[in-house]
Amino acid sequence: MKLTDPALVDLIRAKHAQEQDLLLMRALPFLPDDALTLAGRLCERLLVLLPGAFYPLRQIPSGLCLQENSDFPDCMPPGTSVCWADIRLLKQERFRLFLRRSAFYEWILPFADCAEPAEPGYLGSYTLPDELRTELSPSTGITALFSHRPSERLTEACFDMRRTIVLDSGGGAEAQSLLAETEKERLYVLGRLCTKRMLARTAVVFPTRRHAELFAARFPDGGASLVHGGRSREENLAALALFSEGRTTVLAATKHVLPSAGFVDADAVLYAGVPMSPAFLSRCGALSAGVPCLCVYTAQDPALNEGLARSCAASLGFPVGRFTARRNRMQAEVIGMLDLNM
């Protein structure tokens, strides 16, 4: 079920009139065109809050895209119906003033799973929408899209559950898996899967920058686009533009690309490893609407993920033991979902 389905559009209108919010579980990816369609059916302005820096790869009619370093207007320009923004902007006073002046009907939170502290791509800004809506625009509604049911602890921290509807859409992430014996074999398999689809655009997501760089180097003369958080915004935007336009058919990326999922629209998605959570698997799959993600994994991947979890806990200032235990439980769900040979 998509957020643009007539039944959900009617629900958003009805719950808005009752000053309620909506948490939609197992939601399908919310694409840029979906936002424009929903705004048109509601005849209202929408704010779409994305989990981090994103790369809009095309000009969107009736749309506005805002980043942390954007030079944005005081309020929504005439003729615009949807604003896409990095959710971290909620911490900035100038963005709060923009929200107050723009009078959005609904705030949409795709990939709201990133409110979970142990989730890859976690952002503390997810605790802010309910509080700020009350301060800036009490009549605005919130719709949060989760790929799976979040914990009560998380929802109570981020939403006022006394005024919130929880709905299970009955969807879920689709994925497939393929075992490689060694890292060398995995790189070979990934390369073959990319080159045998010469006219298709294949996105390959890696757990680290080093892995993405090594794979991109297998395609000489700029044959692959490389995107990760260690490259400049200009470099990443240029690389994604080449991929989007079909001038390169391989995208080697880290999770840095995932907030842009709705704008990338690959023909196929591969993940080099065991995804670190069901929600992370869903975000990878969202790089290609409607095509199951194929995970090419090795028996060594869980050990790599645990090392990454320890580093992440240290960088975020979380207790390492509890953080890694939570990550391990999330990873175990993925292993069970994909029936991996571990």
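Analysis parameters
Residues numbered from 1 in each chain as written. Predicted model: local features only at pLDDT ≥ 70, side-chain atom pairs only at ≥ 80, totals over all residues. Heavy atoms only, no water. Core = buried A, V, L, I, M, F, W, Y, C linked by side-chain atoms within 4.5 Å. Buried < 20%, exposed > 50% of the residue type's maximum accessible area, 1.4 Å probe, protein only. Helix = DSSP H or I, 4+ residues; strand = E, 2+ residues; numbered from the N terminus. Contact = heavy atoms within 4.5 Å. Pairing = 2+ DSSP bridges. Axes fitted to C-alpha atoms, helices over the stretch in contact; angles between N-to-C directions. Phe/Tyr/Trp six-rings, centres within 6.5 Å; stacked < 30°, edge-to-face > 60°. Lys NZ or Arg CZ within 6 Å of the ring centre and 35° of its normal.

Enquirer: Now, about the nonpolar core: what can you tell me, with residues and values included?
Expert: The biggest cluster of nonpolar side chains holds 33 residues, and the ones touching the most others in it are Leu47, Leu66, Cys83, Phe95, Phe98, Leu99 and Leu109. The biggest single contributor to this core is helix H3 (residues 93-102), with three residues. If you look at the next biggest cluster of nonpolar residues, it comprises 30 residues, including Val205, Phe280, Cys295 and Leu340.

Enquirer: Run through the side chain of Ser277, naming residues and quoting values.
Expert: With respect to the secondary-structure elements, Ser277 resides in the loop between strand S12 (268-272) and helix H10 (278-285). When sequence neighbours within four positions are dropped, the list of residues in contact with Ser277 reads Glu119, Pro120, Met330 and Val334.

Enquirer: Break down the sheet that holds strand S5 (residues 106-109) for me, citing the residues and quoting the values.
Expert: Spatial ordering of the open sheet is given by S3-S4-S2-S5-S6-S1-S7, a layout of seven strands whose pairing is parallel. Since the sheet does not close on itself, it has two edges, and those belong to strand S3 (63-66) and strand S7 (164-168), each with one partner. With strand direction ignored, the average angle separating the axes of adjacent strands in the sheet is 15 degrees. Pairing of S3 with strand S4 (residues 82-86), which is carried by four bridges, proceeds in the parallel orientation. Residue Leu66 lies in a different strand from S4, and its bridge partner there is Ala85. The strands touched by helix H2 (residues 32-42) within the sheet are strand S2 (46-50), S4 and S5, with S4 carrying the most contacts at an inclination of about 135 degrees.

Enquirer: Residues and numbers for the pairing of S5, please.
Expert: Of the two faces of S5, the one lined by Glu106 and Ile108 and the one lined by Trp107 and Leu109 are each fully buried. Sheet analysis places S2 next to S5, joined by three bridges and oriented parallel. Pairing of Leu47 across the sheet is with Trp107, part of S5. As defined by bridge partners, S5 adjoins strand S6 (residues 141-145) across four bridges and the pair is classed as parallel.

Enquirer: I'd love a proper account of the packing of aromatic side chains, names of residues and values included.
Expert: In this structure the tally under the stated criterion is 12 aromatic pairs. A ring pair is formed by Phe146 and Phe159, whose centres lie 6.4 Å apart and whose planes are at 70 degrees; its orientation type is edge-to-face. Within this pair, whereas Phe146 is found in the loop between S6 and helix H5 (152-158), its partner Phe159 is found in the loop between H5 and S7, the two being separated by 13 residues in sequence. Phe146 gets classed as buried once you look at its relative accessible area, which sits at 2%. We classify Phe159 as buried; its relative accessible area is 7%. Every member of this aromatic cluster is reached through a ring pair, and the members are Phe72, Phe95, Phe98 and Phe104. The residue whose ring lies beneath Arg201 is Phe243, and the NZ or CZ to ring-centre distance is 5.8 Å.

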